[in-house]
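Tertiary structure, described
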Amino acid sequence: MKVGIDLGTTNSAVSYINEHGSPEIVKNSDGERTTPSVILIEDQKAIIGMTAKEAAAFQSEDTIQFVKRQMGNNSFEFPLPGTDQLIGAVEASAFILKRIVQDAEQELGETITDVVITVPAYFDDAKRNATKEAAEMIGVNVLKIINEPTAAALAYYNLEEKTTDQNVAIYDLGGGTFDISIVNIQDNEVKVLATDGDANLGGFDFDNAIFNYVADAFEEETGLDLYDDDMAMQDLRDSTEKCKKSLTKRDKSLVAVSSQGQTIRKEITKTLFNDLIESYLARTSQIMEETIGESNLTWNDITKVLLVGGSTRTPAISDMIERLTGIEPSKDLNPDEVVALGAAVQASSIEPSDQDSRHHIVVRDVNSHSLGIITGDGQNPDENSIILERNTEIPCERSKSFVTVQDNQESVMVQVTEGEDEDPDYVTIIGTSEVALPDNLPMGSPLEINIAYDKNGIVHVGAKDLSNQVDLGEFVIERQSNLTQEEYEERQETMLAMEVE
Ligand SMILES: Nc1ncnc2c1ncn2[C@@H]1O[C@H](COP(=O)(O)OP(=O)(O)OP(=O)(O)O)[C@@H](O)[C@H]1O
Ligand SMILES: [Mg+2]
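This section reports on the structure supplied with the text. (Residues numbered from 1 in each chain as written. Chains lettered and ligands numbered in written order. Predicted model: local features only at pLDDT ≥ 70, side-chain atom pairs only at ≥ 80, totals over all residues. Heavy atoms only, no water.)

1. What to know about the pairing of strand 2 (residues 11-17)
Counting buried residues along strand 2, 6 of its 7 residues qualify, which places the element largely inside the surrounding structure. Bridge analysis of strand 1 (residues 2-6) against strand 2 gives 3 bridges, and the strand direction is antiparallel. Looking at the pairing, Asp6 lines up with Ala13 of strand 2. Taking the residues that link successive antiparallel strands as the turn, the strand 1-strand 2 hairpin has 4 residues. Bridge count for strand 2 against strand 3 (residues 23-25) is 3 bridges, and the pairing is antiparallel. Residue pairing in the sheet places Tyr16 in a bridge with Glu24 of strand 3. (Buried < 20%, exposed > 50% of the residue type's maximum accessible area, 1.4 Å probe, protein only. Helix = DSSP H or I, 4+ residues; strand = E, 2+ residues; numbered from the N terminus. Pairing = 2+ DSSP bridges.)

Spelled out as structure tokens, the structure:
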């Protein structure tokens, strides 16, 4: 059985293709359509979902939340209560995946062997790799990693009976990430024209904006520091999210916080809330403008703006989008479910079974980050030299020639970068590899470096000695942000040893 999984910052969902050939959400064992991406570790057990989310208020030290924000960040570690072991973002995600796959297997009465997992379009190589590792850790085969807005476009495509040639914009603002994609949809094809985003902007930041406002007011009015009180902090975190959600429906809402014997109540009006989140909205609108430009279209060419992600329920978002594009955003699709539904559509179009046969869709996506390498002659400052431009259709491969800087140079240190700037300080170094060179190359010998994105948006690098026309092969990038094989196996063992429910 194949399923599509939306592994979200705050909520995750699973979908499959039902007997009528339509994507459908699989309920979890609590009967819910989404599962909070929260982990509670207790008595050598990992409890995932609503129970864990509810426990977070009283047992914040035993819970892990917002794991997705830490994907690809190797220095993030969470101590496993009751042991001297640590777990990282990959294992934490594996716990979440295990619960939702286990539940789906029970609900569907079948073993899940293959999955399509969605990631924000703006996720970089390290984060994509980490996501793939998490799924492999629980023993499922990853058919493909696809971008969340692309999945949403697929779900929308699937709804349309007859699809005419049209361009849609997908605005996806979830709990932790923002993506915008401009997509062309035609018969049997969903083609992403341009994509951009921010991997650290979401509803969580809206909660924080209210949180900081109230915490500052508490300090000002009482002279006490709220940050000393873990319990009050977690309480306030919960009530700020509730406040934010109620401001979707109401014009004002009250937030109370008690700590160290003092209580304050603050009224948050919709106007104040809109002011507090103004800079985040402005950032998304600026990214939208850049992306429509990259797609070589204007907003007049767009027929629909699809809203994806729970945070798009905030009314100020629709207002901003309408002001910018002149289009009233569509509410045709459930913003919490559409990504998982699209992932199932994608899963069914990879090696389709009979049941899936009507899903013959070509998905053409692009990369969200340029790739390059750091070059230098040892005298001038190093430069980031872009080899593969962003918004190129994936899979793709590009090469560029460089020259050796010394006679008999034995090796070159290839530092692979992700980012748009010429200055190495403003790009991310994905990883480094030392490529051995053949003997006796004179200074100035040409070398070709080729960089590729595979269908999952994961990076591969190879080199060629152009003097002798010898292919030096693909080389393993020592990723700074990912686990070594040994670490991975060790952590998988720890993870699999625990019961998950
Ligand atoms: N009614 C509402 N009004 C405003 N915000 C809401 C509402 N309902 C949910 N949200 C917010 O939506 C966010 C969760 O959205 P969603 O479930 O789409 O995120 P996710 O898929 O987990 O995150 P991501 O896609 O960034 O990984 C939370 O920040 C939540 O507070
Ligand atoms: Mg999401």
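2. Section: the site of ligand 1
The environment of ligand 1 is made up of 21 residues, and the closest members are Thr9, Thr10, Glu241, Lys244 and Thr248. Within the side chain of Thr9, one N or O atom sits 2.6 Å away from an oxygen atom of ligand 1. With respect to ligand 1, the backbone of Thr10 contributes an N or O atom lying 2.5 Å from an oxygen atom. In isolation ligand 1 exposes 650 Å². Once the protein is present, 91% of that is buried. Looking at the shell around ligand 1, the elements that each hand over two or more residues are helix 5 (203-222) and helix 6 (230-249). The element contributing the most residues to the shell around ligand 1 is helix 6, with 4 residues. By residue class, the composition of the shell around ligand 1 is 1 nonpolar, 14 polar and 6 charged. (Near = heavy atom within 4 Å. Polar contact = N/O pair within 3.5 Å; in protein donor to acceptor, adjacent residues only side chain to side chain. Areas by Shrake-Rupley, 256 points an atom, 1.4 Å probe, with all protein chains shown as cover. Nonpolar A, V, L, I, M, F, W, Y, C, P; charged D, E, K, R; others polar.)

3. A closer look at the sheet that holds strand 14 (residues 189-198)
Reading across from one edge, 17-12-13-14-18-21 is the order of the 6 strands in this open sheet, with mixed pairing throughout. Bordering the open sheet on either side are strand 17 (302-308) and strand 21 (393-394), each of which pairs with just one other strand. Helix-sheet contacts for helix 4 (residues 148-159) involve strand 12 (166-173), strand 13 (178-186), strand 14, strand 17 and strand 18 (362-366), and the interaxial angle to strand 13 is about 35°. (Contact = heavy atoms within 4.5 Å. Axes fitted to C-alpha atoms, helices over the stretch in contact; angles between N-to-C directions.)

4. A look at the sheet that holds strand 20 (residues 383-388)
As summarised here, the arrangement of the 5 strands in space is 20-19-23-24-28, forming an open sheet in which the pairing is antiparallel. Both outer strands of the open sheet, strand 20 and strand 28 (478-479), are each paired with one neighbouring strand and no more. Where strand 19 (residues 371-375) and strand 23 (residues 411-418) come together, 3 bridges link them in antiparallel fashion. Bridge pairing in strand 23 places Leu371 opposite Glu418.

5. Section: the nonpolar core
One finds Ile5, Ile39, Phe95 and Leu97 to be the most contacted residues of the largest nonpolar core, which totals 45 residues. The leading source of residues in this core is helix 2 (residues 89-108), at 10 residues. Ranked by size, the runner-up nonpolar core spans 41 residues in total, among them Ala215, Leu226, Ile264 and Leu307. (Core = buried A, V, L, I, M, F, W, Y, C linked by side-chain atoms within 4.5 Å.)

6. A look at the packing of helix 2 against helix 3 (residues 125-137)
Interhelical geometry of helix 2 versus helix 3 gives an angle of 50° and a closest axis separation of 8 Å. Accordingly, the angle class assigned to the pair helix 2 and helix 3 is oblique. When you trace helix 2 past helix 3, the crossing you get is right-handed. Residues Val90, Glu91, Ser93, Ala94 and Leu97 of helix 2 pack against Ala130, Glu133, Ala134, Ala135 and Met137 of helix 3. Here the contact of helix 2 with helix 3 is built from residues that sort into 7 nonpolar, 1 polar and 2 charged. (Parallel < 35°, antiparallel > 145°, perpendicular 65-115°, else oblique. Left-handed = near helix turned anticlockwise from the far one by under 90°.)

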